[in-house]
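# Structural features, examined
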Amino acid sequence: MKPDFKFCYFNVLSSTNDKAKEFAKEGKSNIVIVAGRQEKGRGRFGREWSSSFGGLYMTILLHAEDIDKSRYLTFIATVSVAKVICSIAGLDAKVKWPNDVLINHKKACGILTETISGNKNYALVGIGLNVNQKKFPKSVMRNSTSLNMESNKNYGIKKISKLIIMEFNNLYPYYNKRNYGKIIEIWREYSHTLGKTVKAKTLTGTYTGKAVDVDEECNLILRLNDGTMKKIVEGDIFIV
Ligand code: BTN
């Protein structure tokens with residue numbers, strides 16, 4: 001079953017993920033929250049997400065029975081964004097493990113998936129896509145890009161949000177039917193990471209090796225220089 005999403009647009013929010021949490025507390029789901037800008041946009045590991053006008057900031061609020069499986073929603077979201085970038089701008093977008101979308105090796109999109117457990121469980125899939133921005137804060141400028149910077153064109157934010165949901169809806173049945181293998185298979189097709197030598201910074205250490213695969217639980221598998229395999233569950237990766 002594909003969810004029938006209701007869109008809620010706001011000019012300014014502190015964070016679309018926070019607004020989604022408010023809706024979830026009221027028992028609402030199947031809502032897409034979109035903001036023109038965010039005052040406290042955040043990324044993984046509590047990092048700031050630059051959220052000025054011109055970007056797309058949206059959160060998909062879903063009722064999710066099994067919150068342990070929310071990583072597949074992140075994978076579905078990254079692939080959906082990559083597909084939309086390819087179709088609308090003709091750019092070659094790729095997914096970078098675990099939650100980014102790159103254009104020409106630079107970050108154009110990050111996904112922050114959060115969960116709420118209780119009587120009912122919820123997943124909040126927060127998508128930040130750089131669309132019409134031409135500059136970013138110094139700290140991220142070097143490694144960031146936008147659709148505008150790559151194609152010299154502006155794009156309609158509402159239109160992109162609708163297209164992303166269309167793609168998300170096409171992939172969502174695999175999640176709903178627990179066909180996780182299919183999600184991994186599609187993610188591999190769009191992967192920027194696999195086959196590259198990467199440095200993975202994790203809580204337990206830094207590992208360098210060739211990214212050979214993602215396993216059935218979305219973990220990244222590295223072949224280290226000594227030939228051993230290392231499973232990366234969480235962290236940041238850098239192409240070396
Ligand atoms: C990351 O790359 O670390 C993830 C960035 C996620 C940013 C999006 S923008 C919409 C939603 N609201 C937030 O505050 N964060 C996510």
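This write-up is about the structure you can find in this document. Keep in mind it's a predicted model, so treat the numbers as computed, not measured.

Turning our attention to the sheet that holds strand 11 (residues 229-232). In spatial order, the strands read 11-10-9-8-12; together these 5 strands make up an open sheet with antiparallel pairing. With one partner strand each, in any of the chains shown, strand 11 and strand 12 (236-239) form the two edges of the open sheet. Strand-to-strand, the axes of this sheet are offset by a mean angle of 45°, without reference to chain direction. One ladder, built from 4 bridges, connects strand 8 (residues 197-202) with strand 12; its direction is antiparallel. Bridging from a neighbouring strand, Lys 199 pairs with Phe 238 of strand 12.

To continue, consider the site of the ligand. The environment of the ligand is made up of 21 residues, and the closest members are Ser 15, Gln 38, Arg 42, Arg 44 and Lys 107. Within the side chain of Thr 16, a nitrogen or oxygen atom sits 3.1 Å from a nitrogen atom of the ligand. In isolation the ligand offers 420 Å² of accessible surface; the protein chains occlude 98% of this area. When contributions to the shell around the ligand are tallied by element, the ones reaching two or more residues are helix 1 (16-25), strand 3 (56-63), strand 6 (106-116) and strand 7 (122-129). The leading source of residues in the shell around the ligand is strand 6, at 4 residues. Partitioned by chemical class, the residues of the shell around the ligand number 6 nonpolar, 11 polar and 4 charged.

Here we take up the nonpolar core. Ranked by size, the top nonpolar core spans 60 residues in total, and within it Ile 127 and Leu 129 carry the most contacts. Ranked by residue count, the leading element in this core is helix 2 (residues 70-89), at 11 residues. When neighbours within four sequence positions are excluded, Ile 127 is seen to be in contact with Leu 56, Tyr 57, Met 58, Ile 60, Ala 77, Val 81, Cys 109, Gly 110, Ile 111 and Ile 164. By size, the runner-up hydrophobic cluster in this structure holds 11 residues, among which are Cys 8, Phe 23, Ala 24 and Ile 33.

Overall, the coordinates contain 0 disulfides when judged by the stated rule. The thiol sulfur of Cys 218 is not disulfide-bonded, and the nearest other cysteine sulfur, from Cys 109, lies at 16 Å.

Another aspect to go through is the pattern of salt bridges. Per the counting criterion, the structure on display carries 14 salt bridges. Its salt-bridge partner being Asp 100, residue Lys 96 comes within 3.9 Å of it at the nearest N-O pair. Take Lys 96: its relative accessible area is 14%, and that puts it in the buried class. A salt bridge links Lys 107 to Asp 100, with the nearest nitrogen and oxygen atoms 2.9 Å apart.

Here we come to the pairing of strand 5 (residues 100-103). Here strand 5 shows a buried face lined by Asp 100 and Leu 102 and a second buried face lined by Val 101 and Ile 103. Both strand 4 (residues 93-96) and strand 5 contribute to a ladder of 4 bridges, which runs antiparallel. Paired with Lys 96 across the strands is Asp 100, a residue of strand 5. The hairpin turn running from strand 4 into strand 5, its antiparallel successor, is 3 residues long. The pairing of strand 5 with strand 6 spans 4 bridges and is classified as antiparallel. Considered in strand 6, the bridge of Leu 102 is made with Lys 107.

Each value, and the rule that gives it
- Residues numbered from 1 in each chain as written.
- Predicted model: local features only at pLDDT ≥ 70, side-chain atom pairs only at ≥ 80, totals over all residues.
- Heavy atoms only, no water.
- Pairing = 2+ DSSP bridges.
- Helix = DSSP H or I, 4+ residues; strand = E, 2+ residues; numbered from the N terminus.
- Axes fitted to C-alpha atoms, helices over the stretch in contact; angles between N-to-C directions.
- Near = heavy atom within 4 Å.
- Polar contact = N/O pair within 3.5 Å; in protein donor to acceptor, adjacent residues only side chain to side chain.
- Areas by Shrake-Rupley, 256 points an atom, 1.4 Å probe, with all protein chains shown as cover.
- Nonpolar A, V, L, I, M, F, W, Y, C, P; charged D, E, K, R; others polar.
- Core = buried A, V, L, I, M, F, W, Y, C linked by side-chain atoms within 4.5 Å.
- Buried < 20%, exposed > 50% of the residue type's maximum accessible area, 1.4 Å probe, protein only.
- Contact = heavy atoms within 4.5 Å.
- Disulfide = S-S within 2.5 Å.
- Salt bridge = Lys/Arg side-chain N within 4 Å of Asp/Glu carboxyl O.

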